[in-house]
Structure formats: structure tokens, C-alpha cells
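Breakdown of the fold
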2 protein chains.
Amino acid sequence: MHWNKKYSQLTQKMKSSMIMDLIEKTQGIPGFISFAGGSPSAETFPKKHLGQLFKQVIEEKGDDILQYGSSGGDKELKQAIIKEEGLSVGLDEMQICSGAANGIYNAMRTLIDPGDIIIVESPTFLGSLVTFEAAGAKILPVAMQADGMDLDQLNDLIRKHGSKKIKFIYTIPDFQNPTGLTMSLEKREELVEIALKNEIFILEDDPYSKLRLAGTPIDSIFEIAGKKYHSQMLVIAIRSFSKLLGPGLRIAYALADKKIINYMDSWLQKVNNTTERVSQQAVAAFLDKGLLSSHKMLITETYRPLLKQIITSLQAHMPYDIKWVNPQGGMFLWLELPEDLNTDELFDKAVEQKVAFLPGSKFYPTGYEKHNGLRLNFTFPTKEQIDEGIKRLSKAVKILMSSPNSGFHFLD
Amino acid sequence: MHWNKKYSQLTQKMKSSMIMDLIEKTQGIPGFISFAGGSPSAETFPKKHLGQLFKQVIEEKGDDILQYGSSGGDKELKQAIIKEEGLSVGLDEMQICSGAANGIYNAMRTLIDPGDIIIVESPTFLGSLVTFEAAGAKILPVAMQADGMDLDQLNDLIRKHGSKKIKFIYTIPDFQNPTGLTMSLEKREELVEIALKNEIFILEDDPYSKLRLAGTPIDSIFEIAGKKYHSQMLVIAIRSFSKLLGPGLRIAYALADKKIINYMDSWLQKVNNTTERVSQQAVAAFLDKGLLSSHKMLITETYRPLLKQIITSLQAHMPYDIKWVNPQGGMFLWLELPEDLNTDELFDKAVEQKVAFLPGSKFYPTGYEKHNGLRLNFTFPTKEQIDEGIKRLSKAVKILMSSPNSGFHFLD
């Protein structure tokens, strides 16, 4: 029997994630503290409103919304989003998708044949990396700096590989996953200029910009391309309600040129036929009732003390050689250990201390891994868990640094 | 500017469906009757129960179910389905997917590289055809007979192309879309034997078997492969709640070998991350409350008179040369006109009479089109609309047959 040979080559190449399995196993351990996830705080979910609205839309519009819908999404939700966000786009320049993952997937299929090149920030969101790799794309990394991707490196890459094969640049400009860093306005403008000049699309993944906890908001790349460069078609923007209302609802949207949206709708039709309609309508009703702005305040008020706590705890407990940049929002903070230390090894020592994180090596394209970074989530654990967890993690770091071949030594 | 060259080759090859645009345009015309859709009757949607259950699951389990979930689906729903259907499968042999379309998509990606072969019934569901084509699969048709696909043709095709490149055989054994035909038990068994011998998977698409309106149920191919041939791994079965509770909920499931389900879960993760969780939990609660069996009776009681009506009306009004096989359930009936008549042309004449259907040519793989069939849906229009609509369609058929170059002449 040779059934195994029947699997597609791209399927067979997909990586299984041992670390994810390990993290799953830690979930049952009493007293275990995890900074590994990427989940919002369940405290922030507007359960009472949503329960009521789900019931209401089914009772009032069930005959319609339990039926098949348009692949591009329900117009009531599109209109509600346009009004809420003050967008100047048409209904045919927007797709409602099943979470940001689905929007990114549809955009990728619209543009990518196996062998095509995607440029990404390095490190970047591992979910997108595995998606791009599973489609046979060649992924080239550009290093992250404190103010966003290194644009000199980007120019070098484009010069080296030619702009024809490079289909898009994937960026998370606000509170990036995993680094928590935000791209400056200057860099956003320069990125648009580079992309325009070389005819390369920008895929702007924006799950976090609404989670600003300090500092001043910066225009999205989509807005900059449209308003300053009159080239809205350059950017495919993916925005999500997952971090605002709950990822279980799977409601996100894409903004792009209508030709691209039309192709993305064709892919959505093949992949899902229709995005789940009851949650589309419930979210539309939530927006129409004007509930979002006060809800956003509740979320930022919930997360601000958590961000403050993790910074305080890191400052109090981490050894001097551990570096990070304080994020101004989002859900993540990135720690950098000295270059000769490996956070894959740290992971085992941390689990012994009953604390978990995501090792940084997972956030680089295959072949470009670096091993001295790690990602911490600060929105899921409580304030008390954050302080205790960072204490434990600091202990694990010190143990790793004190191991005979580390080159570091601590006097305890 | 050469932005158009940036689209992937598979995207650029996707067909746009002019007929779908036309059908959409007819929806606003007062008094227009459509047999073109594939929608269940909104009358059958259990709105009262669902409204209540959606509210309840959010209020009781919102902290969990508004969060990210397992890519393979919620275990509560899997357990409820296993109990309801009396399945003897493990949780890791099942995927909850976002409608049957999503399950078919995930299965296809698990098995298909561009250039691989898929064998389909001819005619077959156009949604699956465009999905397979968009992934670069080569699609080979096997003719439909009154008792299911022509297995002699299937054997010939396997002999000609070799079994290595043929990844799976796609079949809708019960009340097939578009023909309404059902595969006999004997053919199901023979199909399993052929597939086993040649090491070719079977993708069994089963959206309709619960909609049996006459005759005796036949074991699914998944059951036959498991029970009689001890080769459950041969079949990937896709089953859906779309026709029972409403397609807007996007709840379906796949049954397969756990290795295949594992790969399908990996694809689902890339495509959607998680299937919408509130509707998963509401459907689980619907099943747990034991509401499905009486609800299925309500549906068959709703559809039985509609099927009877369309047959009566066809017998009363259609010209003698028009042939069909009475379906025993499902949602569709297939008309065959004499071979020299073209139902694409008939479509225009029908729209003039304010009635629409789906021309048969859409249901064949590219390059294998036949033009003398057409699909009628009998679950969406009312009894009165069915009778009036068939009268109109019969008139359009007669007008087409009477046109100078048709070779037919009627004395009106």
C-alpha cells in the first residue's frame, strides 16, 4: 500500500509544531503560568450584549441570515464598518472574512503561485509564515528595527531578486507580532514609495492597532497610500474584530482595490462559500448600536495595567543582559537574550519552573532562524500571574546563563 | 504599470460566471420564479430554538467559546454528532468545518498538487468543479447513469491514466447535485472495490442523504468501506448541517482516517484558524437537546409535497421529448432535452417568461460540456410557484423547439 504517496507535496512539507504540542500539554498543570498564547482576555468579551444580539438577529432576520449569503460578506456589516471607522471605500472594496487568517489566505491565493517571493518582517507572525510556506512561496526576511522593518535591507533584497517575482511585502505595522514594535510614520511613507516604485503590493496585517495603550496613533499604510500617494490599490489591509469582540466569532475584513477584492471573494467562495452569517449580523448590530467605542475603552483599561506590570516585573527581576523595547500597545513583548543563548533550550528550563513562552526561532522563515529571542503575551495572564511568571522566567534565564557552557555566571 | 501580472496564474484562470450574474439580476423582478438556486426553504430553519441556543451558549460559555478554538473543531460538537449519528469514529477522525465547501477544500489541499487528477461524476456540483480547477487539478468525468456513475468508464479511465496520478474520486451518492440520482448499494460496493484495488481515495460529498423523501436509505460509502471492507481510511466523507439547520451557520464535518484529518486540520488552520465557535456550540446544544429527529421530519414533510408538485407539473406541461428521472429526495431534478437543443439558449427564452433554472453546461468540467440538460431546484419555491414556474418553463421549451433551426415543430 502506498497511500502516503497520495498526499500533496505541499501538505507533506508542512511542519508539525512540536513546541505547540508541548504548550498544549502544559495547559492542564495546576499553577502553571503561560505567556505563550496569543489570546485576548476573556474578561473583555461583551458576552451580555452579544448573547442578546445573536438572539435578536436570528429572531428578526433568521429567514435571510440562516441562508447562504454573498461570498464577499453581508452588506449590513460592511456598511456598519464603513460608518464606524469613517472609511472612504465602496462595498466592492471590502471583503468580510472568517478572521484575519482567512483574509490573509484569500489575498495570498490571489497573488501567489509556488516559487513566488513574499518579503516579511523578521521575526514575524508564525501563522502567516506557515501559511505562506504551505502555498509554496519563497519567503525572504527583512530585519525588524525599533521603528519598523529595515528599509535599506528591503531595497537590497528587491535589487537582488528583481521586483517581478516579489508579489507582496507582508507587514504588521502596529504592535507587531511577535516584537510589539510599531513602524514609524516616516518608514510607512518610505515603504509606500518603495512598493509603488517597484510595483510590489503591501499586505498590511492590522489586528492590534485598536489596542494602543500609550503614545499617539499613526495612520495605517492603507490610509497613507490612499491619501498621500493616491494609490490605495497598492495595499491590501486586513483588520479584525478578534481582539475586540472575541476571536471565536471569526469576523475580520479586508480592504483593497475592487479587482483584488473580486478575486479574493472568488477564493473565499471556494474555501468557505460564505462567512458565517449570524456572527456577521450580530457584529453589525453591535456596531449599529454604537457599542464599540466604550467597549474599546474597557479593553485598553484592562490591558494598560497588564502592560505596566510586565514591564515593572521585567525591570525588577531580569538579569542585566536581557534587552527589550517597551511596546505602546498590542498583546506582545519581545525579549532578546545574549546571542549565544538559545531560547529553545530556555523553554525546557522554564517549563520546569512552571512558566511558558514562545521561543523566538518559530517566528523566522525556514532557514533564517535566530534563537536568542522570545515572545511574551501580557493580555491573557492576570496581573498577579504576570509578576509571578516573570519571576519564574527570570530564574530560568539565570539557570540557563549559569549552565557550564553558557559563558555567563551568576553569584546567587 | 503591470499590476495585473502580479495575480497568480491559478487566479487569472478562474472563470467568472456570467450566468450567476444573470441569475442575480433576476432576483429583483416582481413575479419572477426561480428554480436556479440551491437553497433550502427558509421555512424549515429552526429560528426560535437557534435564537435561544445562541444566547444561552454565549451567556453560559462565552469566556471559552468567544476565544480561539481547536482547528479541528469543538469536542462538544464532535461528541454530539457521534452520539446523534451513532458513529463509531474517534474525535481525531472528525473535523468540524465551515460548511461542506470548507471540508472539500481542506481535503483537496491535503491531496492535490497542480496537475493531479480528480475523477468526478458528470455532470456534478459546479462549486466543487471550480474549486478543483482553481487548484490546478486535472478533472476527468465519468458519466452518470440512473443508478450512479458508470463504473465501466471509471475502470477505463484508471487503466488509461494509471492510478498514481489519480488522487481521488469525487462522488455525491445520494440525490446527486445536479441530477437528483442516487447510487445503488451494488455500485457503492463495486466503487469501494475499485478504489481499494487501485489505491485511490474516495471523496464522498453528502449534503442531502438526510433529505430522503421516498424509498429506503442506502448505507454511505464511508460506512460500506468501514464495515464490509474494513477500509474506513479509503473514504473522506463530508456531511453538513446546511440543509438541516441553515447554510448561514456554516457547520459541516468531515470523517476520515486520523492522518488525513490531521492534515486537513493543518489546512483549516491556515485557511480559517478556527471554525466559528458560537454556531458550533449552538448546533451542539441543538443536538444535545434531541431536537434534530423531529426537525428532520418537519423538513421532509415540507419538501415531500414540493417534490410531488414538480413531478406532477412536469408530467402535465412538458413536451413528450423532455426526459427526467424522479428523484427520491434531495433538492434537485434534472431535465434532459433532445441532444440538439441547448439549454444555454433556453435560459434566455425562460427569463423572457419570468422563470430561471441552471443550464446543464455549468456542471461539466471544462472541455467536457454537454448542453442539453438543466437543473431544477424544488425546495426553495412554493408549491404554487412550482406549478406556475413549470408552466412557464414548458412554454419556453416549446418556443425553443419551435424555433426555425431546432428541428422540432409544435402545433399550438
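Since the structure is predicted, the reported quantities are computational estimates derived from the model, not experimental observations. What you see as residue numbers is a count from 1 along each chain, following the sequence as written. Chains and ligands are labelled by the order in which they are written, letters from A for the one and numbers from 1 for the other. Local features in this predicted model are restricted to residues whose pLDDT is 70 or higher, and side-chain atom pairs enter the listing and the counts only when it is 80 or higher, whereas totals over whole chains, interfaces and linings include all residues.

Before going further, it helps to spend a moment on unusual backbone geometry. Residues other than glycine predominantly adopt negative phi, and peptide bonds predominantly adopt the trans conformation. The omega angle of the peptide bond from Ser-122 of chain A to Pro-123 of chain A is 5°, so this bond is cis rather than trans. Per the convention used, a helix needs a DSSP run of H or I reaching at least four residues, while a strand needs a run of E reaching at least two, with both numbered from the N terminus. Along the chain, Pro-123 of chain A falls in the loop between strand 3 (117-122) and helix 6 (126-134). At the junction of Asn-177 of chain B and Pro-178 of chain B, the peptide bond is cis and its omega measures out at 15° in the coordinates. Relative to the helices and strands, Pro-178 of chain B is located in the loop between strand 6 (166-171) and helix 8 (185-198).

Let's shift gears to the sheet that holds strand 3 (residues 117-122) of chain B. With mixed pairing, the eight strands of this open sheet are ordered in space as 2-9-8-7-6-3-4-5 (chain B). The sheet terminates laterally at strand 2 (94-97) and strand 5 (148-149) of chain B, the two strands that pair on one side only. By definition, two strands form a pair when at least two bridges between them are found by DSSP.

What follows concerns the relation of the copies chain A and chain B. All copies are superposed by least squares; the fitting set is the C-alpha atoms of residues with a pLDDT of at least 70 in both. Taken as rigid bodies, chain A and chain B are interconverted by a rotation of 180° and an axial shift of 0.0 Å, the fit giving an RMSD of 0.0 Å. In symmetry terms, the pair is related by a two-fold rotation axis. Taking C-alpha positions as reference, the residue of chain A nearest the rotation axis is Lys-55 of chain A, located at 2.8 Å.

The next subject is helix 12 (residues 277-288) of chain A. Residue and element names in this part refer to chain A. Under the convention used throughout, the expected extent of a helix is 1.5 Å for every residue step, that is, one less than its residue count. For helix 12, built from 12 residues, the straight-helix expectation of 16 Å at 1.5 Å per residue is met to within 8% by its first-to-last C-alpha distance of 16 Å. Three exposure classes are used, based on other C-beta atoms lying within 10 Å of a residue's own C-beta, which is placed from the backbone: buried for 20 or more, exposed for 12 or fewer, and partly exposed in between. In terms of burial, helix 12 is a largely internal element, 11 of the 12 residues being buried. Three or more residues of helix 12 are buried, namely Arg-277, Val-278, Ser-279, Gln-280, Gln-281, Ala-282, Val-283, Ala-284, Ala-285, Phe-286 and Leu-287. Following helix 12 by one or two positions, Gly-290 has its phi on the positive side, about 70°.

With that settled, consider the interface of chain A and chain B. Buried accessible area, meaning the area lost when the parts come together, often serves as the stated size of an interface. This entry defines residue contacts through backbone-placed C-beta atoms, with two residues in contact when those atoms are within 7 Å. Taken together, the contact between chain A and chain B spans 60 residues of the former and 60 residues of the latter. Going through the elements one at a time, helix 1 (9-13), helix 3 (47-65), helix 5 (99-111), helix 6, helix 11 (258-271) and helix 12 of chain A are the ones with two or more residues in the side of chain A that touches chain B. For the side of chain A that touches chain B, the element with the highest residue contribution is helix 3 of chain A, accounting for 11 residues. Tallied by class, residues from the side of chain A that touches chain B come to 25 nonpolar, 22 polar and 13 charged. Think of it as three bins: nonpolar holds Ala, Val, Leu, Ile, Met, Phe, Trp, Tyr, Cys and Pro, charged holds Asp, Glu, Lys and Arg, and polar takes everything else, Gly as well.

The next point concerns the domain arrangement of chain A. All names here are of chain A. Each domain's limits were defined by an automated method or a database of domain assignments. Once the domains are mapped, chain A shows domain 1 (3-45 + 294-402) and domain 2 (47-288). Relative placement of domain 1 and domain 2: their C-alpha centres are 24 Å apart. Contacts between domain 1 and domain 2 engage 32 residues on the former and 34 residues on the latter. For the side of domain 1 that touches domain 2, the secondary-structure elements that each account for two or more residues are helix 13 (292-317), strand 10 (332-336) and strand 13 (373-377). In terms of residues, the side of domain 1 that touches domain 2 owes the most to one element, helix 13, which gives seven residues. Its residues assigned to classes, the side of domain 1 that touches domain 2 comprises 18 nonpolar, nine polar and five charged.

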